Amino acid sequence: MKAFIPFDLLFLLCLATSALGIENKKRSLRWITKDAALSYLTRDMSNLEEFKALLRPLVVERVSGTAGNKAVQEHIKSYLSNWHVETDTFNDTTPYGVKEFTNIIATFDPSKSTKIVLACHFDSKYFPRGKFVAASDSAVPCGVLLETARQLQCLLEKGPKEKSSASDLTLQLLFLDGEEAFKDWTATDSIYGSRHLAKRWAAEPDPANSSLTRIKSIREFILLDLIGTSDTTIPQHFTSTSELYENLVKAENYLRSKGYLTGKHLGPVFNGQKSWGGIEDDHMPFLNQGVDVVHLISSPFPSVWHQLTDDWDHLDFNLIDDFSRIFRLFISNLLHLQPESRGCRKK
Ligand SMILES: *[C@@H]1O[C@H](CO)[C@@H](O)[C@H](O)[C@H]1NC(C)=O
Ligand SMILES: *[C@@H]1O[C@H](CO)[C@@H](O)[C@H](O)[C@H]1NC(C)=O
Ligand SMILES: [Zn+2]
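Parameters and conventions
In every chain, residue numbers begin from 1 and rise along the written sequence. As they are written, the chains are lettered A onward and the ligands numbered 1 onward, keeping that order. Only residues with pLDDT of at least 70 get local features here, since the model is predicted, and only at 80 or more are side-chain atom pairs given and counted; chain-wide, interface and lining totals rely on the full set of residues. Strands here are runs of E lasting at least two residues and helices are runs of H or I lasting at least four, both read from the DSSP assignment and numbered beginning at the N terminus. Once C-beta atoms are placed from the backbone, each residue is buried if 20 or more other C-beta atoms lie within 10 Å of its own, exposed if 12 or fewer, and partly exposed for counts between those two. A pair of strands is treated as paired once DSSP finds two or more bridges between them. An axis is simply a line fitted to the C-alpha atoms; with a helix, the fit covers only the stretch in contact. Between two such axes, the angle follows the N-to-C directions and lies from 0 to 180 degrees. To decide nearness, the C-beta atom of each residue is placed from the backbone, and the residue is near a molecule or strand if that atom lies within 6 Å of it. Polarity classes work like this: nonpolar for Ala, Val, Leu, Ile, Met, Phe, Trp, Tyr, Cys and Pro, charged for Asp, Glu, Lys and Arg, and polar for all others, with Gly in that last group. Per residue, pLDDT measures the predictor's confidence, with a range of 0 to 100. Whether two residues are in contact depends on their C-beta atoms, placed from the backbone: they are in contact if these lie within 7 Å. As used here, the arc belongs to the directions running from the helix axis to the C-beta atoms. A set of buried residues qualifies as a nonpolar core if it consists of Ala, Val, Leu, Ile, Met, Phe, Trp, Tyr and Cys joined through C-beta atoms within 7 Å.

### Let's talk about the overall build of the protein chain
Point 1. Scanning the protein chain for helices and strands turns up nine helices and 10 strands.
Point 2. The C-alpha extent of the protein chain, read off along each of the three principal axes, is 55 × 50 × 40 Å.
Point 3. The buried share of the protein chain, reckoned over its 347 residues, is 46%.

See the structure below:
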């Protein structure tokens, strides 16, 4: 499960954050509006057949420490040959004994010292009775990250304009293992991978700037979870990153009004509502280290959540396509990419 944080604890967390004097970071986002650029990022880059081929091998049983999980790791890495890839392998004790976990970290340009992290978990929950493939939880979020990396590769290589305030930014993808509890969600039986990585990165210097820890090199931690069914609706969870969430809402509305979404899912995916409660998930160990978070998780949870029906047949590929189109525009705005320039557009 992804437990809801009790309201009083959430309040204490907020107090602790303000007591640490964490200020809102300065971010400047682009707002891309040229039709040729929007058409390129949405329709031109949309290819459901390729996406399904990428996704299929992820929608399998992939419990941490099993051969299925290992195969998924290899599949993920095979899509990241143009990225700087690291693995973080460790053992931890679970209610069923010691298991091995592996996080995969892919950085577009490790020489850049400010990272925008996009994260998902690739393990599936252990179900003693029945075959649980956890399509929305989180095969689709990981698939969307791989697809986004592939589709934006050329734009990322060309980068922002020389004098852009984004010239110090790079994307870092985290494929986290062991998000799911083996039994019941507790502090020690859940989010194995993110707990391990956040702890490690709180002490480890960043390769691009040794006076920063790897945790401090993260400008924001954007976590995707529970995405892919037709009832996916994503509210805002954190005010510290509200301009990022608002860019997603604005991007969705703009693309829909101009006809750049599929038109087959009426949405909205990003409904503009503010969620009052926190949801415990892979962002928690990073949040507790002072990292700004954007939590892109469907709330309420999809109706198939932790049911055997969270499978391929219950995915809504129009919704996933729309989500991916909006997400590509958002990432382009965030990293000041230049989809207007013709360099990448021609086949
Ligand atoms: C985890 O434990 C297993 C069994 O003892 C061992 O073979 C493996 O090398 C360990 N992995 C790590 C990363 O320490
Ligand atoms: C490295 O990080 C420190 C601390 O944030 C900063 O003052 C310094 O300018 C950075 N150096 C480079 C080369 O970016
Ligand atoms: Zn789950």
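Next, the rest of the story.
### Looking at the sheet that holds strand S2 (residues 97–107)
The strands making up a sheet associate through hydrogen bonds between their backbones, and the pairing can be parallel or antiparallel.
Point 1. Read from one edge of the open sheet, six strands run S1-S2-S4-S3-S7-S10, paired in mixed fashion. Every other strand in the sheet has two partners, leaving strand S1 (84–94) and strand S10 (293–297) as the edge strands with one partner each. Within this sheet the neighbouring strands show an average axis-to-axis angle of 20 degrees, counted without direction.
Point 2. In terms of strand pairing, S2 meets strand S4 (residues 169–176) through four bridges, oriented antiparallel. Opposite Ile-104, over in S4, you have Phe-175 as the bridge partner.

### Things to note about the site of ligand 1
Point 1. The environment of ligand 1 is formed by Thr-89, Phe-90, Asn-91, Val-98 and Glu-100.
Point 2. Counting only elements with at least two residues in the shell around ligand 1, the list comes to S1 and S2.
Point 3. Of all the elements, S1 adds the most residues to the shell around ligand 1, at three residues.
Point 4. When its residues are assigned to classes, the shell around ligand 1 shows two nonpolar, two polar and one charged.

### Re the pairing of S10
Point 1. The element S10 is extensively covered by neighbouring structure, given that five of its five residues are classed as buried.
Point 2. Going residue by residue along S10, you find Val-293, His-295 and Ile-297 tucked away on one face and Val-294 and Leu-296 tucked away on the opposite face as well.
Point 3. Bridge analysis of strand S7 (residues 218–225) against S10 gives five bridges, and the strand direction is parallel. The partner of Asp-225 across the bridge, within S10, is Ile-297.

### Some points on the site of ligand 2
Point 1. Around ligand 2, a shell composed of Ser-113, Asn-209, Ser-211 and Leu-212 is seen.
Point 2. Its residues assigned to classes, the shell around ligand 2 comprises one nonpolar, three polar and no charged.

### Regarding the confidence of the model for the protein chain
Point 1. Residues at a pLDDT of 70 or more form 93% of the protein chain, whose mean pLDDT is 93.
Point 2. Overall, residues 8–22 carries pLDDT values under 50, and its contacts beyond four positions in sequence, including any with other chains, amount to six contacts.

### Some words on unusual backbone geometry
Point 1. The linkage connecting Asp-137 with the following residue, Ser-138, adopts the cis geometry, with an omega of 0 degrees.
Point 2. On the secondary structure map, Ser-138 appears in helix H5 (residues 135–158).
Point 3. Cis geometry marks the peptide bond from Ser-299 to Pro-300; its omega dihedral reads 0 degrees.
Point 4. Along the chain, Pro-300 falls in the loop between S10 and helix H9 (317–334).
Point 5. Phi is positive for Leu-226, which is not a glycine, with a value near 50 degrees.
Point 6. Mapped onto the secondary structure, Leu-226 falls in the loop between S7 and strand S8 (234–236).

### A look at the pairing of S2
Point 1. Pairing analysis gives 11 bridges linking S1 to S2, with the strands arranged antiparallel. Bridge pairing in S2 places Thr-89 opposite Thr-102.
Point 2. Taking the residues that link successive antiparallel strands as the turn, the S1-S2 hairpin has two residues.

### Re helix H3 (residues 48–55)
Point 1. Those residues of H3 that sit buried are Phe-51, Leu-54 and Leu-55. One side of H3 holds all its buried residues, which, seen down the axis, span an arc of 95 degrees. Exposed residues on H3 whose side chains face more than 90 degrees from its buried face are Glu-49, Glu-50 and Ala-53.

### Looking at the environment of Ile-191
Point 1. Relative to the assigned elements, Ile-191 resides in the loop between S4 and helix H6 (192–201).
Point 2. By C-beta crowding, Ile-191 is classed as buried, having 25 other C-beta atoms within 10 Å.
Point 3. Along the primary structure Ile-191 and Leu-337 are separated by 146 residues, whereas in three dimensions their C-alpha atoms are 33 Å apart.
Point 4. Excluding residues within four positions of it along the chain, Ile-191 makes contact with Glu-179, Asp-282, Met-284 and Pro-285.

### Side note on helix H2 (residues 35–44)
Point 1. Of all the positions in H2, only Leu-38, Tyr-40, Leu-41 and Thr-42 are classed as buried.
Point 2. Along its buried surface, H2 packs onto helix H7 (242–257) and H9.

### Let's talk about the nonpolar core
Looking at soluble globular proteins, one finds that nonpolar side chains tend to be buried together.
Point 1. Judged by nonpolar contacts, the single largest core of 87 residues is most densely connected at Ala-119, Cys-142, Leu-145, Phe-175, Phe-221 and Ile-222.
Point 2. If one sorts the elements of this core by residue count, H5 sits on top with 11 residues.
Point 3. Not counting residues up to four positions away in its chain, the partners in contact with Phe-221 are Val-117, Ala-119, His-283, Phe-286, Val-291, Asp-292 and Val-293.

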